[in-house]
Amino acid sequence: MNTVDFLHEARRREKARTLAYRALAAEAEVEGRAQDSERLNGLHADEQHHLSRLTARLLELGGEPEELRGVARPAMTLEGWEGSQREAEAAEVDFYERASALELDGETAALVEEILASERMHLAHLGGKWMPA
């Protein structure tokens, strides 16, 4: 997989994560589960940040970001969200660890390492706001 193909795949994955966390956070808010809502909103913020950074990098490389409206929100419910989202975060860690083996340019490799560190924190804590502003 080349750098541009990786960035497209990473953007699709991050978009799915943003949709999942936004939906779960809204459901938690409606149900009055403030602690869950806060954690899920933090996760959503980080995943949105990842998506933005990946998009910026793609543009810097002269790539054309694909429209992501067709990305489906993963099926899940608020009940038991921690288990399902821990599995999803483990898959994200695996994806970015595998990306580390690709022949990426220095800036993209540094971005992958930054996102990987954040994804590892998501997996460990199931909470967000690990990305620098």
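Conventions we followed
- Residues numbered from 1 in each chain as written.
- Predicted model: local features only at pLDDT ≥ 70, side-chain atom pairs only at ≥ 80, totals over all residues.
- Heavy atoms only, no water.
- Core = buried A, V, L, I, M, F, W, Y, C linked by side-chain atoms within 4.5 Å.
- Buried < 20%, exposed > 50% of the residue type's maximum accessible area, 1.4 Å probe, protein only.
- Helix = DSSP H or I, 4+ residues; strand = E, 2+ residues; numbered from the N terminus.
- Contact = heavy atoms within 4.5 Å.
- Lys, Arg positive; Asp, Glu negative; His and termini not counted.
- Salt bridge = Lys/Arg side-chain N within 4 Å of Asp/Glu carboxyl O.
- Expected span 1.5 Å × (residues − 1).
- Arc of directions from axis to C-beta.

Asks: Quick question: what am I supposed to make of the nonpolar core here?
Replies: Nonpolar side chains in soluble globular proteins tend to end up buried together. Grouped together as the largest cluster of nonpolar side chains are 14 residues, with contacts concentrated most on F6, A10, L54, Y96 and V112. At the level of elements, α1 (3-30), α2 (34-60), α3 (81-99) and α4 (106-125) are the ones that each hand at least two residues to this core. Ignoring sequence-local partners within four residues, the contact set of L54 consists of L7, A10, R11, E14, Y96, L111 and I115. By size, the runner-up hydrophobic cluster in this structure holds 11 residues, among which are Y21, L24, L78 and W81.

Asks: Help me understand the side chain of E119 in this model?
Replies: By secondary structure assignment, the location of E119 is in helix α4. No salt bridge is formed by the buried E119; its nearest oppositely charged neighbour, R17, is found at 6.3 Å. Among all residues touching E119, those that are not within four sequence positions of it are E14, E47, H50, E89, E92, V93 and Y96.

Asks: What should I look at first to understand the pattern of salt bridges in this one?
Replies: Two side chains of opposite charge can pair, provided their charged atoms sit close to one another. Under the criterion given, the structure shown has 15 salt bridges. In this structure, the salt-bridge partner of R57 is E107, at a minimum N-O distance of 3.5 Å. Here R57 is found in helix α2, whereas its partner E107 is found in helix α4, with 50 residues between them in sequence. Of the charged contacts in the structure, one is a salt bridge between R98 and D94, with a shortest N-O distance of 2.9 Å. A residue pair is termed a helical-turn pair when its members lie 3 or 4 positions apart in one helix, as R98 and D94 do in helix α3 at 4 residues. Counted as one network, the salt bridges with shared partners bring together E31, R33, D36, R39, E79 and E82.

Asks: Honestly, α3 in this entry has me stumped. Any pointers?
Replies: Every α-helix winds through 3.6 residues per turn, so residues three or four apart in the chain are directed the same way. For α3, built from 19 residues, the straight-helix expectation of 27 Å at 1.5 Å per residue is met to within 8% by its first-to-last C-alpha distance of 27 Å. Considered for burial, the residues of α3 that qualify are W81, Q85, A88, E89, E92, V93, F95, Y96 and A99. Viewed along the axis of α3, the buried residues span an arc of 160 degrees, placing them on a single side of the element. Turning to α3, the residues buried within the fold contact α1, α2 and α4.

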